[in-house]
Amino acid sequence: MTRTRRTTKNFALLIAMMVAGVFTMSALAFAEDPKPKPEEKSETSASSQDEESVDETEKKEEKKKEPPKDRYFAVTGAVVHTVTDGDRYGTTILAKNGKIVEIAGSVELPDDTEVLDATGYHLYPGLVAVNSGGILGAKPPDETTDVYSLQMTLALAGGITTAVSGNTAARLTFGSVEDMVVKRDLFTTLQYSTGDSGSRRKVREGFERVRQYLRDLQAYEEKKKVDAEAEEPDKEWLKGDYETYLKLMRREAVAQISADSAQHIVDVCQLAERFGISVVIRGAQEGWTVARRMAQAGVSATISVRPPIFSMGDGHDERLNRPTGRSIENAAILYKHGVPLAIVPSMSVVTTWGLAGRDLLHLNMEAAFAVRGGLPADAALRSITIDAARILGIDHRVGSIEVGKDADFFITDGDPLHYMTLTRWTVVNGRVVYDKQKETLYSHIRPDGDRDAPPPDDHWPRRLGADQ
Amino acid sequence: MIRQHHRRHLGVVVAAAGFAAYAGLPAGAADQAAVAVGLAIRAGKVITMDGEDSVINNAVVLIKSGKIERVGPREEVTIPDGYRVIDAADKWLVPGLVDAHNHTAGSLMDLNDMVYLSNPGLRTLETITPDNKLIKQARAGGVTSVLLIPGSGTNMSGFGTIAKTAGRTVDEVVQRSPGSLKIAQAGNPERYWYGVGRSFMNYNTRQTLEKALAYHSAWNEYEAGKVADEPIYDPIFHGFRGLFRREYPASVHTQIYQVVMTTIDMLDKKFKIRTVIDHGTFDGFKTAPLLEGTDVYTINGPRQYWFDRSQRKMHGNAARWWQGGQHRLGVNTDAPVVPQRELSFQAAMACWYGWKPYEALRGVTRIPAEALLIDDRVGSIQPGKDADFGLWTGDPLDPRSSCEMTIIGGKVVYDAKIKRRF
């Protein structure tokens with residue numbers, strides 16, 4: 001079943017490629033995409049950080065016995081959109097060593113505080129991409145990430161400060177791996193496919209066996225109180241999948257299961273309820289048709305609002321006399337039923353080959369499309385900040401502007417759900433890691449809000465840094 | 001169980017409502033009568049896209065026999081007795097969007113008939129599929145006119161067809177055939193056969209056009225009475241006569257600086273064909289100054305930016321065309337590359353990359369209509385033009401706004417209240 005569908009999709013893709021014609025070239029361009037060499041990078045936007053880190057090293061060498069000096073960073077003047085506690089005007093945010101320590105109208109700034117005057121701009125918690133590729137390295141990201149990569153800079157320009165690599169959530173600590181990883185082992189991915197009843201039965205039987213074990217264990221503990229020689233239930237077999245199931249049933253782990261059709265989603269809901277496990281459903285394309293069932297089962301969902309490119313429709317099955325396929329209202333309906341929600345575009349990488357508004361760079365636009373379907377604007381913003389963080393289990397660190405949380409935010413010239421809004425600065429770990437006017441990528445687009453700015457000069461050949 | 005029953009009933013109700021709406025739509029006698037009586041739309045804002053760029057707040061638009069009768073402020077326009085009224089005082093009325101580069105109005109399987117490297121006699125008219133599932137989606141995005149062109153797998157893949165996005169029969173949907181001639185200058189036909197490169201493709205396109213021009217000239221001479229014998233009719237080249245008479249344009253798949261230069265030089269300057277640059281992507285915008293004094297249009301897309309690695313800059317294609325002086329500028333979706341219903345979002349993204357919203361909205365309404373020479377009928381809200389509109393909850397470029405109702409020829413062809421598709 002699955003295989004047939006995939007073949008059809010590939011076939012459709014092939015046709016569409018023939019149609020488009022331009023895709024071949026784009027794929028080439030994508031493949032060619034070079035990553036800037038670190039030494040090139042150090043000449044451009046990373047320069048300020050590099051100088052800073054050099055300074056720090058020198059200082060460390062000078063007075064080795066003293067603890068490292070506290071690092072203070074403050075943003076003043078911006079309208080602060082906390083996401084969890086309303087909007088604040090005339091507020092200063094002070095961060096110490098990468099953590100927010102104060103949000104107040106009047107803050108006494110320690111000496112040596114790096115101050116960013118963002119008067120006239122809007123500050124939001126950095127966006128959280130619950131599904132991403134190419135921005136961070138493979139596993140473990142703190143050992144394999146190119147911290148000067150173009151992809152990371154682009155994601156930062158999109159306001160993203162936390163992304164996921166494999167099963168690890170990590171922050172986009174440009175130029176450094178310090179405090180990069182937020183959480184490892186985010187999810188236990190389960191295969192629970194409607195189309196494969198055999199493997200599904202195997203999963204259920206595994207959970208049943210573990211449940212029996214937990215009952216036996218409870219009975220043993222009761223018995224032990226009166227009978228010292230009571231026999232402990234055998235746990236030699238509790239390895240591999242069984243160990244996973246045990247963790248899930250003890251709610252020490254969260255299951256992630258891909259499910260798109262209503263039938264598949266309901267199957268997953270039944271699994272979650274029967275064994276009391278915590279589940280995040282990935283995809284949930286037809287979630288809008290079974291939203292109440294999802295809410296009853298207490299599952300969360302990570303969804304894309306729009307279909308991928310080259311898609312041949314919304315997957316509505318004309319043969320069925322019931323609602324099927326995708327709906328622009330999916331997010332809104334799930335939200336109304338109380339299903340926790342994170343939004344991510346179907347193209348969960350940052351591309352450079354020309355199609356705009358469909359990849360991770362415009363994570364915010366995917367949320368805007370959810371508003372079109374009826375999701376309240378504040379819920380849409382939460383679905384890419386605090387609610388996304390909650391689904392990843394990292395909301396104690398990121399996702400909102402609160403004292404004690406990581407100093408990760410992006411500062412824009414407007415509402416992030418508006419299509420003209422540009423990121424002016426992105427801050428991660430209390431450091432400016434993206435500055436639109438210093439980084440060449442978008443500096444020519446509405447510099448300081450000027451819609452009539454002239455186009456940039458064409459330099460050829462151009463030496464990085466030299467002609468800035 | 002109760003819930004399921006409930007939903008089933010609801011489904012029946014919705015289906016019935018949908019049926020009722022549809023049954024009365026395109027060809028029903030009752031509806032024809034209604035159209036004859038007339039329709040009035042009260043809108044909060046009308047973006048007319050007329051020559052003066054008028055925007056009218058609290059406006060009334062009167063429609064009769066599928067055409068716009070009158071447009072004006074509510075105080076000035078009295079709704080005649082018997083007119084059906086659509087009250088949309090909180091909505092924007094926008095001209096039906098026009099996508100000048102589209103592959104979804106017909107059979108997707110028959111777009112690239114790569115029999116020869118040039119297939120000038122072909123046309124997409126026979127592959128039109130009215131009301132197919134992709135075109136239903138187009139309506140949900142407020143798109144009302146599309147140019148269905150063949151693919152770019154060969155240098156010349158035939159004549160396209162301009163179609164409306166609603167109607168039951170081919171006759172109902174077709175606006176003009178031929179809509180345009182599709183030429184693919186470079187950047188795809190290379191894959192036709194081993195050894196095909198730009199020199200060969202340019203020779204190939206040029207010699208085909210030369211033969212067609214010779215054919216056209218022979219007929220011109222005969223028609224002017226200069227030669228007595230009627231030339232032999234050639235089904236391959238006869239369609240080119242309208243092209244050389246500039247009755248319809250060439251939709252040119254062209255992108256990259258050098259290739260677009262060739263397009264301008266060969267098609268506009270040498271063959272004097274009305275030319276529409278249909279992708280214009282990568283660094284094609286560098287040719288903008290060459291277009292001064294021409295009537296060449298640029299319909300940019302589906303790509304909306306180009307990453308210039310040498311400068312480490314992301315250039316918005318539309319913004320750079322505009323800044324270079326090319327103001328006959330619109331955007332396309334190349335659907336199904338980008339879904340048809342996201343045409344307005346293509347314009348929005350062009351703005352994120354540096355273009356301006358009003359110009360961008362014009363770039364999906366009046367400009368593509370002008371480019372295809374159908375602006376006498378569509379692309380703006382003016383008396384005498386086709387009553388094709390979208391009723392939007394706000395700025396059509398904003399992804400948060402939705403098209404709540406699409407009207408073609410004075411008939412409601414999409415109503416989000418009955419079945420929302422986007």
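As the structure is a computational prediction, the values presented were derived from the model and not from experiment. (Residues numbered from 1 in each chain as written. Chains lettered and ligands numbered in written order. Predicted model: local features only at pLDDT ≥ 70, side-chain atom pairs only at ≥ 80, totals over all residues.)

### Things to note about the sheet that holds strand β4 (residues 92-96) of chain A
Residues and elements named next belong to chain A.
- Read from one edge of the open sheet, 4 strands run β5-β4-β1-β6, paired in mixed fashion. The open sheet terminates on both sides in strands that have one partner only, identified here as β5 (99-104) and β6 (114-117). Averaged over all neighbouring strand pairs, the angle between strand axes comes to 20°, with direction disregarded.
- Where β4 and β5 come together, 5 bridges link them in antiparallel fashion. In the strand pairing of β5, Lys-96 is matched with Lys-99. (Pairing = 2+ DSSP bridges. Helix = DSSP H or I, 4+ residues; strand = E, 2+ residues; numbered from the N terminus. Axes fitted to C-alpha atoms, helices over the stretch in contact; angles between N-to-C directions.)

### A few points about the nonpolar core
- In this structure, Val-268 of chain A together with Val-61 of chain B are the most contacted members of the largest nonpolar core, which totals 232 residues.
- Not counting chain neighbours up to four residues away, the residues in contact with Val-61 of chain B comprise Ile-41, Ala-43, Val-46, Ile-68, Val-71, Leu-93 and Ile-381 of chain B. (Core = buried A, V, L, I, M, F, W, Y, C linked by C-beta atoms within 7 Å. Buried ≥ 20, exposed ≤ 12 C-beta atoms within 10 Å, placed from the backbone. Contact = placed C-beta atoms within 7 Å.)

### Topic: the domain arrangement of chain B
All names here are of chain B.
- Domain parsing of chain B yields domain 1 (34-96 + 384-415) and domain 2 (97-371).
- Computed from C-alpha atoms alone, the centre-to-centre distance between domain 1 and domain 2 is 30 Å.
- On the domain 2 side, the residues contacting the 17 residues of domain 1 number 21 residues.
- Of all the secondary-structure elements, those providing two or more residues to the side of domain 1 that touches domain 2 are β4 (84-95), β15 (389-392), β16 (403-408) and β17 (411-415).
- Among the elements that make up the side of domain 1 that touches domain 2, the one with the highest residue count is β16 (3 residues).
- Among the residues making up the side of domain 1 that touches domain 2, the classes are represented as 12 nonpolar, 3 polar and 2 charged. (Domains from an automatic or database assignment. Nonpolar A, V, L, I, M, F, W, Y, C, P; charged D, E, K, R; others polar.)

### Some words on the environment of Phe-275 of chain A
- Among the structural elements, Phe-275 of chain A can be located in helix α9 (residues 262-275).
- Sequence-wise, Phe-275 of chain A and Glu-208 of chain A are 67 residues apart; in three dimensions their C-alpha atoms are separated by 8.1 Å.

### Details of the domain arrangement of chain A
Residue and element names in this part refer to chain A.
- Under the domain assignment, chain A is made up of domain 1 (69-184 + 397-449) and domain 2 (188-388).
- Computed over C-alpha atoms only, the centres of domain 1 and domain 2 are separated by 29 Å.
- In this complex, domain 1 contributes 24 residues to the contact, which on the side of domain 2 involves 23 residues.
- Elements that contribute at least two residues to the side of domain 1 that touches domain 2 include exactly β8 (127-128) and α6 (150-157).

### Regarding the packing of helix α7 (residues 197-226) of chain A against helix α8 (residues 241-249) of chain A
All names here are of chain A.
- Two elements in contact, α7 and α8, have axes separated by 9 Å at closest approach and are oriented at 65°. Note that α7 runs across α8; the crossing there is right-handed. Residues Gly-206, Phe-207, Arg-209, Val-210, Arg-211 and Leu-214 of α7 form the contact with α8, whose own contacting residues are Asp-241, Tyr-242, Tyr-245, Leu-246 and Met-249.
- Each residue belonging to the contact of α7 with α8 can be placed in one class, and the counts come to 7 nonpolar, 1 polar and 3 charged. (Left-handed = near helix turned anticlockwise from the far one by under 90°.)

### Here's the deal with the pairing of strand β1 (residues 72-76) of chain A
Residue and element names in this part refer to chain A.
- Relative to β4, β1 runs antiparallel, the two being bridged by 4 bridges. Following the sheet pairing, Ala-74 is matched in β4 by Leu-94.
- Relative to β6, β1 is paired through 4 bridges, and the arrangement is parallel. Opposite Val-75, over in β6, you have Leu-116 as the bridge partner.

### Some words on unusual backbone geometry
- Residue Pro-178 of chain B is bonded to the preceding Ser-177 of chain B through a cis peptide linkage, with omega at 0°.
- In this chain, Gly-301 of chain B is followed by Pro-302 of chain B through a cis amide linkage whose omega measures 0°.
- Unusually for a residue other than glycine, Asp-448 of chain A sits at a positive phi of about 50°.
- Its location among the elements puts Asp-448 of chain A in the segment after β19 (431-435).

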